[in-house]
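# Secondary and tertiary structure notes
Residue-level listing of the chains:
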Amino acid sequence: MAYAAFMPKEAVYSGELFSQVGFSLENVQGLGKEGFWDRLLFSLGLSSLVVALELFTALLAAYALRAGLGLLPFYLVLMAVPAELLLVPLYGILKGLSLLDTVWALVLPFAASPFVIYLVYQAMRAVPEELLEAARLDGAGHRVLLFRILFPLVRPTLVAAGVLAFAAHWNLVLYPRVVVSDPRFWTLQTWLTDLQRKYPTDWGLLSAAALFSVLPIILLYLAFERRVVATFEEGLKG
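Predicted model only: the values in this text are computed from it and were never measured. (Residues numbered from 1 in each chain as written. Predicted model: local features only at pLDDT ≥ 70, side-chain atom pairs only at ≥ 80, totals over all residues. Heavy atoms only, no water.)

## Description of the layout of surface pockets
For clarity, the cut-off: Each cavity reported here is a set of points on a 1 Å grid over the protein atoms alone in which a 1.4 Å probe fits but cannot get out, each pocket an open set with protein on both sides within 12 Å along at least five of seven lines, and each lining residue one with an atom within 4 Å of a point. Grid points are joined across faces, edges and corners, and a volume is the space filled by probe spheres set on the points. Elements are defined by DSSP. Helices are runs of H or I of four residues or more, strands are runs of E of two residues or more, and each kind is numbered from the N terminus. Just so you know the grouping, Ala, Val, Leu, Ile, Met, Phe, Trp, Tyr, Cys and Pro go in nonpolar, Asp, Glu, Lys and Arg go in charged, and all remaining residues, Gly too, go in polar.
In this model, the largest pocket occupies a volume close to 910 Å³. Secondary structure elements with two or more residues in the lining of the largest pocket: α5 (72–80), α6 (87–96), α7 (114–125), α9 (142–170) and α10 (174–179). Element by element, the count of residues in the lining of the largest pocket is highest for α9, at four residues. Residue composition of the lining of the largest pocket, by class: 23 nonpolar, two polar and two charged.

The structure is reproduced here in structure tokens:
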């Protein structure tokens, strides 16, 4: 894919990818003409906003679970529900709120994630109760316990959860296609499906689009790979 993305179109169409060696930015320039970079920046901002909301709600919900709120089975059940089953009810709710074809349709349904909440809860559960009890004896309230004691301790898990949440939202295809028809609010993945319909045989252009669309995920994962692996090992026990 990376090789075809930077090859001249003539070499790609001829099928002789390895006998004709060449380098060209023609496909990259073609992406700019099609509006690729605008969709890339839009998706980056959109997914980053969703991650910020998910981490904030996860921090609050996980603290409530650790403090004794008996809703953990509810979150575990939600994790087992396929996202596709929620598509029709969500569409009806968004239509009733007049949020279809708006950026909020791509943000609000993802403001909280049972999976991220569970990961953060597992990290908080590993914090010794004695530490929190000592803080309570010193007069610490819920705000101090959460933001000054627990938050620094679970920060590595929040980072890993943010990477996973970003990747999950970045790769959405079906949901954005259903709730948004206005091209101004198309995510990058939705835009790619439209590009494939417009140029089904332009393998160089499609390869360049696919390459640059996965690049943010690759860079993000490589930057935090160890933290992501450690979170799975520690947070998904029992």
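Having seen the model, we can carry on.
## Quick notes on the nonpolar core
Soluble, globular proteins show a tendency: their nonpolar side chains are buried together. The line we're drawing: Put simply, buried Ala, Val, Leu, Ile, Met, Phe, Trp, Tyr and Cys residues joined by side-chain atoms within 4.5 Å make one nonpolar core. When accessible area is computed with a 1.4 Å probe and restricted to protein chains, residues below 20% of their type maximum are described as buried, those above 50% as exposed, and intermediate ones as partly exposed. Any two residues whose heavy atoms approach within 4.5 Å at even a single point are treated as in contact.
Ranked by size, the top nonpolar core spans 61 residues in total, and within it Leu-31, Phe-36, Met-124, Trp-191 and Leu-195 carry the most contacts. Excluding residues that lie within four positions of it along the chain, Phe-36 makes contacts with Leu-31, Leu-188, Trp-191, Ala-209, Phe-212 and Ser-213.

## A closer look at α7
To keep things clear, this is the line we draw: Take the number of residues in a helix, subtract one, and multiply by 1.5 Å to get its expected span.
Here α7 contains twelve residues, and its C-alpha end-to-end distance of 16 Å stays within 8% of the 16 Å for a straight helix at 1.5 Å per residue. Across the twelve residues of α7, nine count as buried, placing the element largely inside the fold. By the burial criterion, the buried members of α7 are Val-116, Ile-117, Tyr-118, Leu-119, Val-120, Tyr-121, Gln-122, Ala-123 and Met-124.

## Quick word on the confidence of the model for the chain
As a reminder of what qualifies: Known as pLDDT, the predictor's confidence for each residue is given on a scale from 0 to 100.
The predicted model of the chain has a mean per-residue pLDDT of 87, with 93% of residues at 70 or higher. Within the chain, the lowest mean pLDDT, 67, falls on helix α2 (residues 9–14), and the highest, 94, falls on helix α4 (residues 36–66).

## Considerations on the environment of Phe-36
With respect to the helices and strands, the residue Phe-36 is situated in helix α4. Note: C-alpha distance between Phe-36 and Phe-212 (176 residues apart in sequence) is 9.4 Å.

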